Amino acid sequence: MKRLKCCVALFLSLVFGFSGVLQPFALYAETLDLAQEQPKVSQPANESTSSNVSADASGDQMESDSAAQDSSAPDSSEASDAESASADAATDEVSDEASDDDIEAPLAENSWRYVDGSLRSDLPDDYGANADFDGRAMHSMPKGATAQGIDVSEHNGTVDWQSVKDAGIDFAILRVCFAGDTNGGRLDYFFRRNVSECERLGIPYGVYLYSYARNEDDAQAEARLMLGALKGHSPTLPVYYDLEEQKTNADGSPKWTPFNDPSKLASIAKTFCGQIAAAGYKPGIYANVNWFKNYLTDPCFLSSGWSIWTAQYWYGGRYDECLGLTPEAPAKYDCWQYSARGSVPGVSGDVDVSYWFGAGLGDHWQETDEGKYYVSSNGQPYKGWKLISGLWYWFDPAKGGAMATGPAEVEGTWYVFSSSGSLSNGWVRKDGEWYYGASGGKMVRGWVKGSAWYYTDPESGRMLTGAVEIDGKSYWLDPANGGACARSAWVEMPEGFLSYAANDGVLCMAVKDGVLYKDATFTDVLSGWVDCGDDRLYADSQGHVLTGWQRIAGNWYLFDSNGIMHRGWCWNGYAYYYLDKSNGNMRTGWVSDLGSWYWLDPDNGGAMAIGWIKVGQNWYYLNPNNGGRMVTGPLMIDGYIRTFNSDGSCIC
């Protein structure tokens, strides 16, 4: 019995010992079985930046692409995730037509933007080459565009999507993969991160695949890779098929995409887009203007309902000359990639930028010949009041929801809206007329008083200019000064005479041929003291208005160049003088102003004194470092502490 137990123990020890050796062989066999079930996915060694040139048939055009800029190496975990995802995505059987000889590595883009995977440094780009930040991205959109966005790939590295969203980017188009399992394709290293960030932040996105398809089987493989990667994701924008690869063999024949055969291109596109549509996604085509003009000429590209994303950067002119231009081809498009050198916060280096002209990005602006609208994702315009980004807008129901600008009556109340449609608290110009919106945007009719005064028509609310009659009084709303009311100034009237506008704006006198009259009837000549509002003038017996220093009835007065009597302090370039704030006559002796005492020396023509003075039997000190104010209390003067009484007289 003991011998039997020993034999059993020895047998079990041998089994456990050999299992460690046999297990790797079992796993290897299992791996071989899986390899027969799943296609190989090879990783290209070099896939770099973005850009290449292919002249169109007439040699006049070089434009843009959807793949991104400088290559950024992912870490090992991102690379392994991408390779794993590529294998997961490609679960169908590999085409019998693809042999090992057909699969060559590495793949590298060669197109109108790329040369062996590198972006051309000489790629013409009117929008990006000569523009500052505002011009290179995030500038005002062309007519018909509803959103602006970027497209990115692993070439852009790690994108700060929060910064991208905060910058105002409305959408993104993400590269999912390139090629398929028949010719060495794989997922973009950064697709998983990019798509998760867009979904986390609520950024609408579309996707694209850079094609190397040579035939329908390759196109099916590319569709399989794309659809596998999209499992669990619901892009808002279309799934685009990027057709631009143009590498040739030594004999000039296409290496990959048969770009010289429109019928094959159409068949390849139909295969890919058909599978995308069958899976419930909106298919689309990306290409530049040259391709749409010369290669993608089959009617299917514009008649199949596919979304069109076209690229054109170059018009042969400077940036400011091409602002108003749009892509030359095709005739209809949903998206226009207008530059490869966009600058957007959150993306390191240049990035492709595009305008979106289609619908379906959630609430968005839409402009037509009838006006500007704010529409929902289903294309229906909002009507009535709408709060957008903290600002109020009125979308007129009587006009189909067209956005109001300028003055507009809303439910019996008049408001003023800016040119961009938001309620205005200030001046707004509409059809050559100015209107003013007070707090809450309500339109002001009548006086608008601030640092300058303006007057708006009591009926229409438009700002008035020129001579106006208000409540029986005349005013001059100076057209040369933006309509501001003339105040405390002589006004040259259109009839050729001068009229004086008082500080309240009322025109109260007229001067013709140097003579002062009571009014514009020029019948009553004025002389002596003349009051106009709070202003005073003095005319001699012949009606001539006096200016400068004048001695009248034994007192000195100062009149400015308009003849207006001066009050308070004045500086003549050498000394200060004080004119009584009530009657305007020049003061001498002690004068109190705003709680301080000053000495206006009668022996020096009334000029303000500074330093030591003797008045009567007492000495006083008028501090030159304090505006000539009389000193009280102690003060260090010339190295000695002096003390002064409350009346300013020096104690010692």
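Residues numbered from 1 in each chain as written. Predicted model: local features only at pLDDT ≥ 70, side-chain atom pairs only at ≥ 80, totals over all residues. Heavy atoms only, no water.

*Asks:* What exactly am I supposed to notice about the confidence of the model for the chain here?
*Replies:* The predicted coordinates of low-pLDDT regions are not to be read in fine detail. Taken as a whole, the chain shows an average pLDDT of 82; of its residues, 79% reach a score of 70 or greater. Predicted confidence is poor over residues 18-73, with pLDDT under 50, and the contacts of this stretch with residues over four places away or in other chains come to 171 contacts. In this model, residues 87-105 is a region of pLDDT below 50 whose contacts with residues beyond four sequence positions or in other chains number 30 contacts. (pLDDT = per-residue confidence, 0-100. Contact = heavy atoms within 4.5 Å.)

*Asks:* Explain the state of the cysteines to me, please; I cannot follow it from the model alone.
*Replies:* Each disulfide consists of a covalent bond between the sulfur atoms of two cysteine residues. Taken as a whole, this structure holds one disulfide when the rule is applied. What pairs with Cys 508 in a disulfide is Cys 532, and their sulfur atoms sit 1.2 Å apart. Where Cys 508 bonds to Cys 532 through sulfur, the torsion about that S-S bond is close to -85°, and the disulfide is left-handed. Within this pair, whereas Cys 508 is found in strand β28 (residues 507-512), its partner Cys 532 is found in strand β30 (residues 528-532), the two being separated by 24 residues in sequence. By relative accessible area, which is 1% here, Cys 532 ends up buried. (Disulfide = S-S within 2.5 Å. Helix = DSSP H or I, 4+ residues; strand = E, 2+ residues; numbered from the N terminus. Buried < 20%, exposed > 50% of the residue type's maximum accessible area, 1.4 Å probe, protein only.)

*Asks:* For this particular structure, what's the right way to read the UniProt feature "repeat: Cell wall-binding" (unreviewed entry) in the chain?
*Replies:* Per the UniProt record, the feature "repeat: Cell wall-binding" (unreviewed entry) sits at residues 546-565. Taken end to end, residues 546-565 is 0% helix and 50% strand, and its first and last C-alpha atoms sit 9 Å apart. (UniProt positions renumbered as here; feature names shortened; annotations may be inferred.)

*Asks:* Hey, could you run me through the sheet that holds strand β39 (residues 611-615) in this one?
*Replies:* Within a beta sheet, neighbouring strands are joined by backbone hydrogen bonds and run either parallel or antiparallel to one another. Taken in spatial order, the three strands make up an open sheet running β39-β40-β41, and their pairing is antiparallel. Among the strands making up the open sheet, the edge pair consists of β39 and β41 (629-630). (Pairing = 2+ DSSP bridges.)

*Asks:* Whenever I open this one, the layout of surface pockets confuses me. Can you help?
*Replies:* Any empty space left between the atoms is revealed when a probe the size of a water molecule rolls over them. Approximately 630 Å³ is the volume found for the largest pocket. Taken together, 24 residues make up the lining of the largest pocket; nearest its centre are Met 141, Thr 146, Asp 170, His 364 and Trp 365. Of all elements in the fold, only β12 (364-368) and β13 (371-375) reach the threshold of two or more residues within the lining of the largest pocket. A total of four residues in the lining of the largest pocket trace back to one element, the largest contributor, which is β12. Of the residues that constitute the lining of the largest pocket, the class distribution is eleven nonpolar, seven polar and six charged. Taken together, domain 1 (140-360) and domain 2 (363-464) each give at least three residues to the lining of the largest pocket, which thus spans both. (1 Å grid on protein atoms, 1.4 Å probe; cavity = no way out; pocket = protein on both sides within 12 Å on 5 of 7 lines; lining within 4 Å. Points joined across faces, edges and corners; volume = space filled by probe spheres on them. Nonpolar A, V, L, I, M, F, W, Y, C, P; charged D, E, K, R; others polar. Domains from an automatic or database assignment.)

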